[in-house]
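Coordinate inspection notes
Here is how the chains run, residue by residue.
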Amino acid sequence: MNSHDDSHGHWDAFGRPLFDDPQARALSRVGVVDMGSNSVRMVVFDGAARSPAYFFNEKIMCGLGEGMNQTGRLNPEGRERAMVAMRRFKLLAEGMELSDLSVVATAAMRDAEDGPEFRASVEAETGLKIHVIDGAEEARLSAQGVLLGWPGSYGLVCDIGGSSMELAEIGEGQVGRRMTSALGPYKLMDISGGRKAREKHIKHELKALAAYMGTQRDRLFLVGGSWRAIARIDMLRRDYPLHVLHEYRMDADSVSETIKFLENEDHDSVRKAAGVSSTRMALVPFAAEVLEGVVNCFEPSDIAISSYGIREGLLYEQMPQMLRDRDPLIEACRFAEAKDARLPGFGRQLYHFVLPLFPDASDARRRLIHAACRLHDVSWRAHPDYRAETCFDNATRANLGGLKHWERVYLGLALLHRYKNKREGTRFEDMYSLLDDAHQQEAEVLGKAMRFGAMLWTLEASAGHARLSWDGTRLALTLDPDMMDLYGEVARSRFKSLAQALGAEDFGVEAG
């Protein structure tokens with residue numbers, strides 16, 4: 001077990017700067033390979049610099065760390081599978097014309113006695129350089145991955161792999177104390193004496209972790225495939241309507257209930273229903289024992305699943321502070337608008353146009369309104385009969401960082417109402433339960449405001465030429481005289497629909 005408490009340690013895994021210009025908004029395509037104890041995964045990032053999209057994502061369950069406790073060596077079959085995977089990834093990188101493919105290896109490669117020899121073999125066959133990192137660095141990079149998705153977040157990051165588990169605290173945009181342990185499922189499998197012996201071992205390890213990490217009562221961020229599998233099973237047990245793992249929330253009671261659910265149900269049936277692979281499911285019972293111990297030990301205020309980890313942490317490592325300070329949601333929406341909207345830049349004007357309808361909106365709510373306006377036109381290529389559904393799907397299932405699940409549904413409903421007056425009768429109705437009635441109504445108002453504002457689709461339709469006002473009773477539109485002709489029959493119908501959504505007692509248009 002080792003630990004560190006410094007919060008900086010910049011290093012270059014890519015062989016070149018990824019962000020030469022601190023003002024950069026786009027990321028040139030870049031690839032990362034994570035050689036873990038359980039899986040070997042290649043991810044290629046592209047798109048918005050602050051909120052990169054997954055251009056390519058492939059995972060091979062190699063099991064490099066399986067049985068290592070007994071032999072001290074990498075699993076022979078895992079070595080073969082990992083070598084095949086690395087040769088494939090090398091060819092894929094060349095086919096995608098990636099200038100760099102950064103490879104990071106963790107617990108199995110650093111602990112196995114044949115790790116250095118296997119590393120040299122892979123490097124000789126593929127020409128790729130492998131960075132074998134220690135546990136504390138693994139913890140730091142995983143925590144930075146969480147910061148990429150949750151800027152300004154605070155709490156305890158817990159990253160579980162096949163052979164190890166890392167903890168790191170985050171707060172005020174920095175990584176603080178961090179520590180690694182041998183609490184990976186492969187290590188627990190080899191403990192004799194059954195569950196009681198494992199529980200004793202887990203408790204002993206966690207006591208040492210808690211002594212160093214100190215009191216942690218904030219949010220617990222879970223990183224790693226085994227945690228995500230448990231979250232999928234928790235969703236299954238709860239019949240949860242939105243199957244997006246990132247930002248999925250649990251608490252101590254739900255963890256306890258899901259562990260009981262696992263104990264009482266047939267594992268093969270559960271894994272099929274939850275969409276968990278058989279290889280991953282074999283590790284889940286051991287990971288669940290660790291999670292129960294972590295929750296009991298640190299008593300977090302709540303628990304959040306993070307789909308971001310080491311790979312995203314490597315990107316965050318390269319970002320200048322100016323880029324880190326940007327909002328990943330707004331950056332992703334800005335990028336989508338620039339790439340796909342018919343009139344890039346109109347979303348910002350639309351935002352200022354609709355904002356008077358929400359005079360008491362908090363900064364967090366204004367952020368969602370801004371995001372919706374940026375995205376209001378990016379699905380225009382979809383068939384008109386399915387455009388509303390496409391918008392909802394994009395908002396609720398897209399790779400967007402910094403969004404709670406209820407915020408995804410709020411955004412989805414607003415964009416649905418951008419193209420459709422009624423939300424009843426869609427295939428998404430079970431998701432509406434994640435929003436209370438007031439938020440559903442507000443999302444409808446926003447959607448209908450964007451629907452109407454799009455009728456004033458001209459670069460001249462900025463705040464100085466077309467203005468909405470709302471005093472809680474009367475809705476008014478003021479247009480410059482030379483813009484009055486934009487207020488045609490369809491625009492009048494949409495303005496009336498907006499007024500009805502607001503519950504306006506009076507509405508009208510005037511020249512100004």
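Look up: the structure comes first, before these words.
Quick caveat, the model's predicted, so the values are computed rather than measured.

**Looking at the overall build of the chain**
- Along the chain, the regular secondary structure elements total 21 helices and 15 strands.
- Dimensions of the chain along its principal axes, counting C-alpha atoms only, are 80 × 50 × 40 Å.
- In the chain, which comprises 512 residues, the share counted as buried stands at 58%.
- Sequence separation of 24 or more characterises 72% of the internal contacts of the chain that already satisfy a separation of 6 or more.
- Between the mean site of the 64 positive side-chain charges and the mean site of the 75 negative ones, the chain shows a separation of 2 Å.

**Some points on the environment of Leu486**
- Relative to the helices and strands, Leu486 is located in the loop between strand 14 (474–479) and helix 21 (489–502).
- Sequence spacing of Leu486 and Phe118 is 368 residues, and the spatial spacing of their C-alpha atoms is 69 Å.

**Quick look at the layout of surface pockets**
- Roughly 620 Å³ of internal volume is contained in the largest pocket.
- Along its surface, the largest pocket is lined by 27 residues, and Arg41, Arg228, Arg232, Leu245 and Ser307 are the ones closest to its centre.
- Going through the elements one at a time, strand 3 (39–48), strand 4 (53–61), helix 8 (225–238) and helix 13 (310–318) are the ones with two or more residues in the lining of the largest pocket.
- At 4 residues, helix 8 tops the list of elements feeding residues into the lining of the largest pocket.

**Observations regarding the packing of helix 16 (residues 346–354) against helix 17 (residues 363–375)**
- Two elements in contact, helix 16 and helix 17, have axes whose closest approach is 8 Å; the angle formed by their N-to-C orientations is 135 degrees. When the interaxial angle is binned, helix 16 and helix 17 end up oblique. Crossing geometry of helix 16 relative to helix 17 is assigned as right-handed. Residue-level inspection shows Gly347, Arg348, Leu350, Tyr351 and Val354 of helix 16 in contact with helix 17, the latter providing Arg366, Ile369, His370, Cys373 and Arg374.
- A per-class count over the contact of helix 16 with helix 17 returns 5 nonpolar, 2 polar and 3 charged.

**Regarding the environment of Gly65**
- Mapping Gly65 onto the fold places it in the loop between strand 4 and helix 1 (68–71).
- As a C-alpha pair, Gly65 and Lys207 span 142 residues in sequence and 25 Å in three-dimensional space.
- Setting aside its immediate chain neighbours within four residues, Gly65 contacts Ser37, Ala108, Ser163 and Tyr186.

**With respect to the sheet that holds strand 13 (residues 466–470)**
- Reading across from one edge, 13-14-15 is the order of the 3 strands in this open sheet, with mixed pairing throughout. Only two strands of the sheet have a single partner each, and these edge strands are strand 13 and strand 15 (506–511). Neighbour to neighbour, the strand axes of the sheet diverge by 15 degrees on average, direction disregarded.
- In the sheet, strand 13 pairs with strand 14 via 5 bridges, with the strands oriented antiparallel. The residue of strand 14 that forms the bridge with Trp470 is Leu475.

**Remarks on the packing of helix 7 (residues 194–213) against helix 12 (residues 284–298)**
- At a minimum axis distance of 10 Å, the contact between helix 7 and helix 12 shows a crossing angle of 40 degrees. Taken together, the axes of helix 7 and helix 12 lie oblique to each other. Along this stretch, helix 7 crosses helix 12, giving a crossing that reads as right-handed. Across from Arg195, Arg198, Ile202, Leu206, Leu209, Ala210 and Met213 in helix 7, the residues of helix 12 making contact are Phe286, Glu289, Val290, Glu292, Gly293, Val294, Cys297 and Phe298.
- Taken together, the residues that form the contact of helix 7 with helix 12 break down as 10 nonpolar, 1 polar and 4 charged.

**Details of helix 10 (residues 267–274)**
- Along helix 10, the residues that are buried comprise Val270, Arg271 and Ala274. Taken end-on, helix 10 shows its buried residues confined to a sector of 95 degrees, consistent with a single buried face. Counted as exposed and oriented over 90 degrees from the buried face of helix 10: Lys272 and Ala273.
- Taken together, the buried residues of helix 10 touch helix 8, helix 9 (252–264) and helix 11 (278–281).
- A positive backbone phi angle near 75 degrees is found at Gly275, which sits one or two residues after helix 10.

**Re helix 8**
- Its 14 residues give helix 8 an end-to-end C-alpha distance of 20 Å, which sits within 8% of 20 Å, the value for a rise of 1.5 Å per residue.
- Within helix 8, 10 of the 14 residues are buried, which leaves it mostly tucked inside the rest of the structure.
- Along helix 8, the residues classified as buried are Gly225, Ser226, Trp227, Arg228, Ala229, Ile230, Ala231, Ile233, Asp234 and Met235.
- Looking one or two residues past helix 8, Asp239 carries a phi angle of roughly 55 degrees, positive in sign.

**Let's talk about the nonpolar core**
- Within the largest apolar cluster, 106 residues are counted, with the highest numbers of intra-cluster contacts made by Met165, Trp227, Leu357, Ile369 and Leu475.
- With 9 residues, helix 12 is the single largest residue contributor to this core.
- Leave out the neighbours within four places in its chain, and Leu475 touches Leu357, Leu468, Ser469, Trp470, Phe495, Leu498, Ala499, Leu502, Ala504, Asp506, Phe507 and Gly508.
- Residues Phe14, Phe19, Ile133 and Met319 belong to the second largest nonpolar core, which totals 33 residues.

**Structural notes on a negative patch on the surface**
- Judged by side-chain charge, Asp239, Glu424, Glu429 and Asp430 come together as a negatively charged surface patch.
- Tracing the chain through its elements places Asp239 in the loop between helix 8 and strand 11 (249–250).
- For Asp239, a relative accessible area of 67% corresponds to the exposed category.

**Quick notes on the pairing of strand 7 (residues 155–160)**
- Most of strand 7 is tucked away: 6 of the 6 residues are buried.
- Pairing analysis gives 6 bridges linking strand 7 to strand 8 (residues 165–171), with the strands arranged antiparallel. When the sheet's bridge partners are listed, Leu156 is paired in strand 8 with Glu169.
- Taking the residues that link successive antiparallel strands as the turn, the strand 7-strand 8 hairpin has 4 residues.
- In this structure, strand 7 lies alongside strand 10 (residues 219–223), joined through 5 bridges in parallel fashion. Within strand 10, the position partnered with Asp159 by the bridge is Val223.

Calculation rules
Residues numbered from 1 in each chain as written. Predicted model: local features only at pLDDT ≥ 70, side-chain atom pairs only at ≥ 80, totals over all residues. Heavy atoms only, no water. Helix = DSSP H or I, 4+ residues; strand = E, 2+ residues; numbered from the N terminus. Buried < 20%, exposed > 50% of the residue type's maximum accessible area, 1.4 Å probe, protein only. Contact = heavy atoms within 4.5 Å. Lys, Arg positive; Asp, Glu negative; His and termini not counted. Charge placed at Lys NZ, Arg CZ, Asp CG, Glu CD. 1 Å grid on protein atoms, 1.4 Å probe; cavity = no way out; pocket = protein on both sides within 12 Å on 5 of 7 lines; lining within 4 Å. Points joined across faces, edges and corners; volume = space filled by probe spheres on them. Axes fitted to C-alpha atoms, helices over the stretch in contact; angles between N-to-C directions. Parallel < 35°, antiparallel > 145°, perpendicular 65-115°, else oblique. Left-handed = near helix turned anticlockwise from the far one by under 90°. Nonpolar A, V, L, I, M, F, W, Y, C, P; charged D, E, K, R; others polar. Pairing = 2+ DSSP bridges. Arc of directions from axis to C-beta. Expected span 1.5 Å × (residues − 1). Core = buried A, V, L, I, M, F, W, Y, C linked by side-chain atoms within 4.5 Å. Patch = residues over 30% accessible without salt bridge, like charges linked within 9 Å, V, L, I, M, F, W, Y side chains within 5 Å. Areas by Shrake-Rupley, 256 points an atom, 1.4 Å probe, with all protein chains shown as cover. Salt bridge = Lys/Arg side-chain N within 4 Å of Asp/Glu carboxyl O.

Bear in mind that shape data such as this cannot, by itself, settle questions of function.
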